[in-house]
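Reading the structure
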Amino acid sequence: MKTALKIIKTVLMVLATMIIILAVVRSVGMGINKITPKGGINESFYVDINGNSQWINIYGQDINNPVLLYLHGGPGSATSPVDYSFTRKWSDVYTVVTWDQRNVGKSFDKKNISDKITKDIMMADGKAMTEFLLSYMGKEKITLLGHSWGSMFGANLSLEYPQYYDAFIGTGQCIDIYENEARLYAAAKEWTNGDAQGEALLEKWSPENSDSLESMAARSKIMDRYGYGMMKDGRDYNIVATILFNPNYMVKDYIGYVKNIAISMNPYLSFFAHGLYECSLSGKYDYKVPYYNINGDMDYQTNYDMACEYFEKVNAPDKKMYVMKNATHGLLESRSEEFSEYVHDIANRMGKK
């Protein structure tokens, strides 16, 4: 009995020691990431956007640099647990603003959760956030960089309010949801032909059946199974260290993120199945701001061929397509260094540095 108690006591002491060490290491790592660069900016706070409290982080190495607003994908899934790890790679040429959109991530608030998400609501939020940043940062214009849903969101904002933006950068560029899903379904039918497990997955998803978490999961599994998954190349950063040393997330924030993700996603499911169609860029080719794309040539999440076809029709003061070979939809995270090089090239192209 005494031996058992001694073992238990030893185990508890070891666990306590490990927890203390982990807490100290986390505190040091977070402290380093919270440091404001000399002459730069590192701020996190909430902004009232159309009656909804929405979280942003502003990070840059030189306060005089142009401002870039990063629009995460989804819709309905924030990237704030990890996005500082790759967006800060642009912070020497841009002051980067990361934003958790309406009721996702750190912007989630059960009291303010929207019953319905529409194009008009998202466009109004984008306009209001832009106007806030122009005023807060003392800029005449800002740059937009949107990934996936964010690329469609950003393109629509650039088309509607060109007076606010000096450039649009789309990555994983989404053009038209109806055609995008139709092309993916056609490709998936070829991939799954003769594969019983693949065919079973395809029965759970189709362009007409895409408004549930189950169907969306099946869609992702199909692409993963045949080598076109978003993160087929993994991440080029350590996910554990990134989460552990995130300067913007306390333990309670991570718990809330996991706990509330299904609730926060609910209003976006109908938007994904219906509202996204209203955001189509088809036929909208005339931009008054420079138009840039960074796309992976194996992207089926948002169809690469469609992005190329659209790009050829775009009229803009300047435009350029950057192609990442053998890259899928997760190119910002899987090959963030290469992606950053293209962002820097765009900044140089615009004479920002």
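Reference entry: report on the structure contained in this document.

1. Quick word on the state of the cysteines
Evaluation of the coordinates by the stated rule reveals zero disulfides. Looking at Cys279, it has no disulfide partner, and the nearest cysteine sulfur is the one in Cys174, 9.1 Å off. Cys308 carries a free sulfur, and the closest cysteine sulfur to it, the one in Cys174, is 14 Å from it.

2. Quick look at helix α12 (residues 336-349)
Between its first and last C-alpha atoms α12 spans 20 Å; for 14 residues at 1.5 Å apiece the expected length is 20 Å, and the two agree. For α12, the complete set of buried residues consists of Ser336, Phe339, Ser340, Tyr342, Val343, His344, Ile346 and Ala347. In this fold, the buried residues of α12 make contact with α2 (84-87), β5 (142-147), β6 (165-171), β7 (291-296), β8 (319-324) and α11 (331-334). Where α12 terminates, the next one or two residues include Gly351, which has phi positive at roughly 70 degrees.

3. A look at the sheet that holds strand β4 (residues 95-99)
Pairing is mixed in the open sheet, where eight strands are placed in the order β1-β2-β4-β3-β5-β6-β7-β8. Two strands in the sheet have a free side with no partner beyond their single neighbour: β1 (41-49) and β8. Within this sheet the neighbouring strands show an average axis-to-axis angle of 20 degrees, counted without direction. Sheet topology note: the strand β3 (residues 67-71)/β4 ladder contains five bridges and is parallel. The residue bridging Leu71 from the neighbouring strand is Trp99, located in β4. Packed onto the sheet, helix α3 (residues 119-137) meets β1, β2 (52-60), β3, β4, β5 and β6 and runs at close to 135 degrees relative to β1. Along the sheet, α12 makes contact with β5, β6, β7 and β8, crossing β8 at roughly 165 degrees.

4. Let's talk about the pairing of β7
Within a regular strand, the side chains alternate between the two sheet faces. Burial analysis of β7 places six of its six residues in the buried class, which makes it a mostly covered element. Burial along β7 is two-sided: Tyr291, Asn293 and Asn295 and Tyr292, Ile294 and Gly296, pointing in opposite directions, are all buried. When β6 meets β7, the two strands line up parallel, connected through four bridges. Residue pairing in the sheet places Ile169 in a bridge with Tyr292 of β7.

5. Some thoughts on the pattern of salt bridges
Close approach of charged atoms lets side chains of opposite charge pair. Inspection of every chain in the model, using the stated rule, returns 14 salt bridges. Note that Arg183 and Glu179 form a salt bridge whose closest N and O atoms lie 2.5 Å from each other. Within this pair, Arg183 and its partner Glu179 are both found in helix α5 (residues 177-192), separated by four residues, close to a single helical turn. By relative accessible area, Arg183 is classed as partly exposed at 25%. On the accessibility criterion, Glu179 (32% relative accessible area) is partly exposed. The residue Asp345 makes a salt bridge to Lys320 at a minimum N-O spacing of 3.7 Å. Linking Asp345 in helix α12 with Lys320 in strand β8, this pair joins segments that are 25 residues apart in sequence. A relative accessible area of 29% means that Lys320 is categorised as partly exposed. Ionic contacts of the salt-bridge type, sharing partners, join the residues Lys106, Lys252 and Asp253 into one network.

Conventions used here
Residues numbered from 1 in each chain as written. Predicted model: local features only at pLDDT ≥ 70, side-chain atom pairs only at ≥ 80, totals over all residues. Heavy atoms only, no water. Disulfide = S-S within 2.5 Å. Helix = DSSP H or I, 4+ residues; strand = E, 2+ residues; numbered from the N terminus. Expected span 1.5 Å × (residues − 1). Buried < 20%, exposed > 50% of the residue type's maximum accessible area, 1.4 Å probe, protein only. Contact = heavy atoms within 4.5 Å. Pairing = 2+ DSSP bridges. Axes fitted to C-alpha atoms, helices over the stretch in contact; angles between N-to-C directions. Salt bridge = Lys/Arg side-chain N within 4 Å of Asp/Glu carboxyl O.

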